Amino acid sequence: MQHTNKSISSIIFMSRWLQAPLYFGLMIVLCVYVYEFAIGLTHLVTTANRLTETGVMLLALDLIDMVMIANLLIMVILGGYETFVSRLNLHGHSDHPEWLDEVNAGTMKIKLALAIVTISSIHLLRTFIDPTQKDFYVVMWQVIIHLTLVVSAIAIAFTDKLMTSNHTK
């Protein structure tokens, strides 16, 4: 009976590797963002002499948005793999990101929530730079959704703080 439980436990533990293809898929999504960034940058550079200051700013915000989403993908890929699949064994590597040392499920949620709020902020800023392109209700809903994301990020951080302070007592 104990051998059966150990076998079942081993199989369940090995199931974490089913997530590895998902992280690989996110790496492909990251490649698509790199491609889209290159196209956007090329468009900005080749049309810069015909663009207004607002046009340049909007295209720059599009590029920043892509970078922020790429950062979010990296956080999910590296942090998720390290947290849920297997250690990356990068300690001592010259390019080892510091934030990866602090990653656990709670801190990942907070980092992801903050990244989503930042991405939402960029979209909102883009809307405010050229509000004539959006209907009033679209702008209103963007603000409401952004505020909801901010409140959610604060709630996640507060909940994590409560949970970690209870564990340290």
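Going by the structure above, here's the rest.
Residues numbered from 1 in each chain as written. Predicted model: local features only at pLDDT ≥ 70, side-chain atom pairs only at ≥ 80, totals over all residues. Heavy atoms only, no water.

Novice: What is the right way to look at the overall build of the protein chain in this model?
Specialist: Scanning the protein chain from N- to C-terminus turns up five helices and zero strands. Counted from the first residue to the last, the protein chain has its helices and strands arranged as α-α-α-α-α. Expected size for 169 residues packed as a compact globule is a radius of gyration near 15 Å; at 21 Å, the protein chain overshoots this value by more than 25%. Across its three principal axes, the protein chain shows a C-alpha extent of roughly 75 × 35 × 30 Å. Buried residues in the protein chain amount to 25% of all 169 residues. About 11800 Å² of surface is accessible on the protein chain, with carbon and sulfur atoms providing 69% of the total. In the protein chain, 10 side chains carry a positive charge and 12 a negative one; their mean positions are 11 Å apart. (Helix = DSSP H or I, 4+ residues; strand = E, 2+ residues; numbered from the N terminus. Rg over C-alpha atoms; globule rule 2.2 N^0.38 Å. Buried < 20%, exposed > 50% of the residue type's maximum accessible area, 1.4 Å probe, protein only. Areas by Shrake-Rupley, 256 points an atom, 1.4 Å probe, with all protein chains shown as cover. Lys, Arg positive; Asp, Glu negative; His and termini not counted. Charge placed at Lys NZ, Arg CZ, Asp CG, Glu CD.)

Novice: How should I be thinking about the pattern of salt bridges in this particular structure?
Specialist: Pairing is possible between side chains that carry opposite charge, provided their charged atoms lie close to one another. Summed over the entire model, instances satisfying the criterion amount to two salt bridges. A salt bridge links Asp62 to Arg126; its shortest N-O distance comes to 2.6 Å. With Asp62 in helix 3 (residues 53-85) and Arg126 in helix 4 (residues 105-129), this pair connects stretches of sequence that are 64 residues apart. Look at Asp62 and you get partly exposed, because its relative accessible area is 25%. For Arg87, the salt bridge goes to Glu82, with nearest N and O atoms at 3.2 Å. (Salt bridge = Lys/Arg side-chain N within 4 Å of Asp/Glu carboxyl O.)

Novice: Sorry, what's going on with the side chain of Asp65 here?
Specialist: For Asp65, the location among the structural elements is in helix 3. Buried within the structure, Asp65 lacks any salt-bridge partner; its nearest side chain of opposite charge belongs to Arg126, at an N-O separation of 7.2 Å. Non-local contacts of Asp65, meaning those with residues more than four positions away in its chain, are made with Ile119, Ile122 and His123. (Contact = heavy atoms within 4.5 Å.)

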